[in-house]
Amino acid sequence: MSLQAPEFFAELCLPFHDSTVVGNTYFAAPVPGTPLRLRIDFTGTIHADTYGGLRLAVVHPARGEIDAVALSFLDHGTFHRRDEATNTRPNTKQHGTFDTYHRPGRPPWEGAVTTGLRDAIEQYTAVWFPGAWTASAPSRAAGRTAPTSPAVPVTRSGTRAR
């Protein structure tokens, strides 16, 4: 069965305009005009058709893979709510993972909260692609910003502090 990877990567709201999903892999050129590319794959587990996280890799066209990091769903709380709601016990095949079997019309990763993964991807890409995230990212909190109150003007006192 399909992992519905395009929908999963869309759920992450990655800001890179020059990107595509091929099969179950996300490819992006976060900084236009540079040779470095970002590749994101699902990482398997010891169980068939079961996925436990994402693997991010920085790839150079001539030198190949330069760096890679694995981000587990468990470490980033991706399925914490789902596992808690379904009373999925730690150290079981289903805990912190998803598999290719799912209800018809629903994604296999149903119940995923991708905020932790997205934050980790942002931190990782900031190292290899500085400025790419902010240059192409619409604000995640657009429309959900907290109201601001006017700043209190700072007044200087006549004494100096040491």
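What you see as residue numbers is a count from 1 along each chain, following the sequence as written. Per-residue local features of the predicted model are confined to residues with pLDDT of at least 70, and side-chain atom pairs are confined, for both listing and counting, to 80 or more; whole-chain, interface and lining totals are unaffected and use all residues. Heavy atoms from the whole structure form the basis of all side-chain values; hydrogens and water molecules are not counted.

Enquirer: I keep staring at the overall build of the chain and nothing clicks. Help me out?
Expert: Segments assigned H or I by DSSP are reported as helices when at least four residues long, segments assigned E as strands when at least two residues long, and all are numbered from the N terminus. Within the chain one finds 4 helices and 6 strands. Start at the N end of the chain and walk to the C end: the helices and strands fall as α-β-β-β-β-β-α-β-α-α. For every residue, the accessible area (1.4 Å probe, protein chains only) is compared with the maximum for its type, and the residue is labelled buried under 20%, exposed over 50%, or partly exposed between those bounds. Relative to its 162 residues, the chain shows a buried fraction of 34%. Pairs of residues are marked as contacts when any of their non-hydrogen atoms sit within 4.5 Å. Contacts spanning at least 24 positions in sequence make up 48% of the contacts within the chain whose residues lie at least 6 apart. Summed over its atoms, the accessible surface of the chain is roughly 10500 Å², and 53% of this surface lies on carbon and sulfur atoms. Residue-level accessible areas treat just the shown protein chains as cover; the underlying method is Shrake-Rupley with a 1.4 Å probe.

Enquirer: Just checking my understanding: could you explain the nonpolar core for this structure?
Expert: As a rule of thumb, nonpolar side chains are buried together in soluble globular proteins. The biggest cluster of nonpolar side chains holds 30 residues, and the ones touching the most others in it are F8, F9, I40, F42, L54 and I121. For I40, the residues in contact, after removing those within four places along its chain, are F9, L14, N24, T25, Y26, L54, R55, L56 and I121. As used in this record, nonpolar core signifies buried Ala, Val, Leu, Ile, Met, Phe, Trp, Tyr and Cys residues forming a set joined through side-chain atoms within 4.5 Å.

Enquirer: I tried to follow the confidence of the model for the chain on my own but got confused; where do I start?
Expert: The predicted coordinates should not be examined in detail at positions where pLDDT is low. When pLDDT is averaged along the chain, the result is 80, and 79% of the positions lie at 70 or above. Considering only residues more than four positions removed or in separate chains, one finds that residues 137–162, a stretch of pLDDT under 50, has 6 contacts. Note on scores: pLDDT gives the predictor's confidence for each residue, bounded by 0 and 100.

Enquirer: Help me understand helix α3 (residues 115–128), please; the structure alone is not making it clear to me.
Expert: For an α-helix, the turn length of 3.6 residues means that residues three or four places apart are oriented alike. Expected helix span is given by 1.5 Å per residue-to-residue step, counting one fewer step than there are residues. For α3, which comprises 14 residues, the first-to-last C-alpha distance of 20 Å matches the rise-based estimate of 20 Å (1.5 Å per residue) to within 8%. Of the residues making up α3, those classed as buried are L117, R118, A120, I121, Y124 and T125. Summarising the axial view, the buried residues of α3 lie within an arc of 160 degrees, below the 170-degree limit, and thus occupy one face. Away from its buried face by more than 90 degrees, α3 exposes Q123 and V127. Each C-beta atom gives one direction from the helix axis, and the arc is the one those directions make.

Enquirer: Looking at this structure, how should I read helix α1 (residues 5–12)?
Expert: For α1, the full list of buried residues reads A5, F8, F9 and L12. Buried residues along α1 cover an arc of 95 degrees about the axis, so they all sit on one side. At the exit of α1 stands C13, carrying a positive phi of roughly 55 degrees.

Enquirer: Just to check I follow, could you spell out the packing of aromatic side chains for this structure?
Expert: The description of an aromatic ring pair uses the distance of the two centres, along with the angle that the planes make with each other. Here a pair means two rings of Phe, Tyr or Trp (six-membered ring of Trp) with centres within 6.5 Å. Their orientation is stacked below 30 degrees between planes, edge-to-face above 60, and tilted elsewhere. Tallied over the entire structure, the rule returns 7 aromatic pairs. One aromatic cluster is present, formed by F8, F9, Y26, F42, Y51 and F73 through successive ring pairs.

Enquirer: In this structure, what is going on with the side chain of T78? I would like to understand it.
Expert: With respect to the helices, strands and loops of the structure, T78 is situated in the loop between β5 (64–72) and α2 (80–85). What T78 contacts, discounting residues up to four positions off in sequence, is F73, G111, A112, V113 and L117.

Enquirer: What exactly am I supposed to notice about unusual backbone geometry here?
Expert: Generally, phi is negative for residues other than glycine and the peptide bonds are trans, each holding for most cases. One non-glycine residue, C13, lies in the positive phi region at around 55 degrees. What makes C13 partly exposed here is its relative accessible area of 45%. Despite not being glycine, D49 has its phi angle at roughly 60 degrees, a positive value. Its place among the elements puts D49 in the loop between β3 (37–44) and β4 (50–60).

Enquirer: Explanation requested: the environment of T134 in the structure shown.
Expert: If you trace the backbone, T134 turns up in helix α4 (residues 132–136). Each C-alpha atom, one on T134 and one on E122, is 9.6 Å from the other, the two residues being 12 residues apart in sequence.

Enquirer: What should I look at first to understand the pattern of salt bridges in this one?
Expert: A side chain with one charge can pair with a side chain of the opposite charge if their charged atoms come near. Definition used for salt bridges: Asp or Glu carboxyl oxygen within 4 Å of a side-chain nitrogen of Lys or Arg. Counted by the stated rule, this structure contains 4 salt bridges. Two residues, E65 and R39, come together in a salt bridge whose shortest N-O distance is 2.6 Å. Highlighted residues: E65 in strand β5 and R39 in strand β3, separated in sequence by 26 residues. Classification of E65 by relative accessible area gives partly exposed; the value is 39%.

Enquirer: Can you walk me through the environment of T34 in this structure?
Expert: Mapped onto the fold, T34 is located in the loop between β2 (25–28) and β3. In this structure the C-alpha to C-alpha distance between T34 and H60, which are 26 residues apart in sequence, comes to 9.4 Å.

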